[in-house]
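Close look at the chain arrangement
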Amino acid sequence: MPTKLQVPERHAGALAEFVRLPPETLSLFLRLLREEQPTLDIGDLISTVAAQTSLDRGQVSDIFQMLSSLYATRENLGMDVGEFVAEVRTAIEESGKVEPQPADWKSLEEAFRHALAADTALSISAKAVGVLTDHPHVYWYSRILTDLRPVFRTDLGERPPAMVVVHNLKIAYRTASEYREFFVALDTLDVQALRDILDRALEKEKSLRTMAEKSNLCLLEVKS
């Protein structure tokens, strides 16, 4: 039996906002979703849409989150856009969370079909971010603490005869529910080997970039 859609409390306000958009604003909003380039920085896309419409950045952000959630739900359910939009309409009508109810359901359903299409800047961007981060462990940041460790004599009262350099590599990462970290001790050769591996990764990326450009593929970038 198909899952019955419900309007989540966290998206009810954005859904009501989308439903109440004036026709000219809604038309412009949908056109921008079709014409703008996808990006891994959703914030940039939010700013671009907000700058060209009468919506403020917060409104665009809330609507984007709501549409991204609907798009992900449709993908997970494997539903056709038209069928899914019909379910969205039923959910809105039965929720009592969107008031007043839309006066022109036909136009609104058409707007949802365009907004939830697979080829908009938002849907591609949201999917790309998911592909990039859909891993059990996602890198957050790292740092290296370098210090000297003394080598003590048997007689601890005597001056240490030698020192060694130890690099403590801290790697922080995200899981689905929390932030975690771990430490790895490195010597000088380890640091050089790690640097070589990272340099090799960048060379591989350069090769893939060349391949993408020759194939006219859109390569989405992570901005610093």
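Our structure's up above, just so we're on the same page.
Residues numbered from 1 in each chain as written. Predicted model: local features only at pLDDT ≥ 70, side-chain atom pairs only at ≥ 80, totals over all residues. Heavy atoms only, no water.

Details of the overall build of the chain
- Within the chain one finds eight helices and three strands.
- Going from N to C terminus, the chain has its helices and strands arranged as α-α-α-α-α-α-α-β-β-β-α.
- Dimensions of the chain, computed from the C-alpha atoms along their principal axes, are close to 90 × 45 × 40 Å.
- Expressed as a percentage of its 224 residues, the buried residues of the chain come to 30%.
- Once local pairs closer than 6 in sequence are excluded, the contacts in the chain between residues at least 24 apart make up 57%.
- As presented, the chain carries roughly 14,800 Å² of accessible surface, and 54% of it is formed by carbon and sulfur atoms.
- Charge-centre separation for the chain: the mean point of 26 positive side chains lies 4 Å from the mean point of 34 negative side chains. (Helix = DSSP H or I, 4+ residues; strand = E, 2+ residues; numbered from the N terminus. Buried < 20%, exposed > 50% of the residue type's maximum accessible area, 1.4 Å probe, protein only. Contact = heavy atoms within 4.5 Å. Areas by Shrake-Rupley, 256 points an atom, 1.4 Å probe, with all protein chains shown as cover. Lys, Arg positive; Asp, Glu negative; His and termini not counted. Charge placed at Lys NZ, Arg CZ, Asp CG, Glu CD.)

Regarding helix H5 (residues 81-95)
- The first and last C-alpha atoms of H5 sit 21 Å apart over 15 residues, in line with the 21 Å expected at 1.5 Å per residue.
- Considered for burial, the residues of H5 that qualify are Val-81, Phe-84, Val-85, Val-88, Ala-91 and Ile-92. The buried residues of H5 occupy an angular sector of 115° when projected down its axis, which confines them to one face.
- Regarding H5, its N-cap is Asp-80, as a side-chain oxygen of that residue lies 2.9 Å from the backbone nitrogen of Gly-82 further along.
- One or two steps after H5, the chain reaches Gly-96, where phi turns positive at roughly 70°. (Expected span 1.5 Å × (residues − 1). Arc of directions from axis to C-beta. Polar contact = N/O pair within 3.5 Å; in protein donor to acceptor, adjacent residues only side chain to side chain.)

A word on the environment of Val-138
- Structurally, Val-138 is set in strand E1 (residues 138-151).
- Residue Val-138 is classed as buried on the basis of its relative accessible area of 15%.
- Residues Val-138 and Arg-153, spaced 15 residues apart in sequence, show a C-alpha to C-alpha distance of 43 Å.
- With near-sequence residues (within four places) excluded, Val-138 lies in contact with Thr-133, Tyr-173 and Arg-174.

Remarks on the nonpolar core
- Judged by nonpolar contacts, the single largest core of 42 residues is most densely connected at Phe-18, Phe-29, Phe-64, Leu-67 and Phe-112.
- Those elements giving two or more residues to this core turn out to be helix H1 (9-19), helix H2 (23-35), helix H3 (42-52), helix H4 (57-77), H5, helix H6 (105-115) and helix H7 (121-133).
- For this core, the leading source of residues is H4, giving seven residues.
- Once residues lying within four places of it in the same chain are set aside, the contact partners of Phe-18 are Leu-26, Phe-29, Ile-63, Met-66, Leu-67, Leu-108, Ala-111, Phe-112 and Ala-115. (Core = buried A, V, L, I, M, F, W, Y, C linked by side-chain atoms within 4.5 Å.)

A short note on the packing of aromatic side chains
- Under the counting rule described, the total for this entry stands at six aromatic pairs.
- Judged by centre distance (6.0 Å) and plane angle (65°), the ring pair of Phe-29 and Phe-64 falls under edge-to-face. Highlighted residues: Phe-29 in helix H2 and Phe-64 in helix H4, separated in sequence by 35 residues.
- Taking relative accessible area as the criterion, Phe-64 reaches 2% and is therefore assigned buried.
- The interplanar angle of 40° and the centroid separation of 4.2 Å between the aromatic rings of Trp-140 and Tyr-179 together place this pair among those described as tilted. In this pair, Trp-140 is assigned in strand E1 and Tyr-179 in strand E3 (residues 179-186), connecting sequence segments 39 residues apart.
- Here the aromatic residues Phe-18, Phe-29, Phe-64 and Phe-112 are joined through ring pairs into a cluster of three or more. (Phe/Tyr/Trp six-rings, centres within 6.5 Å; stacked < 30°, edge-to-face > 60°.)

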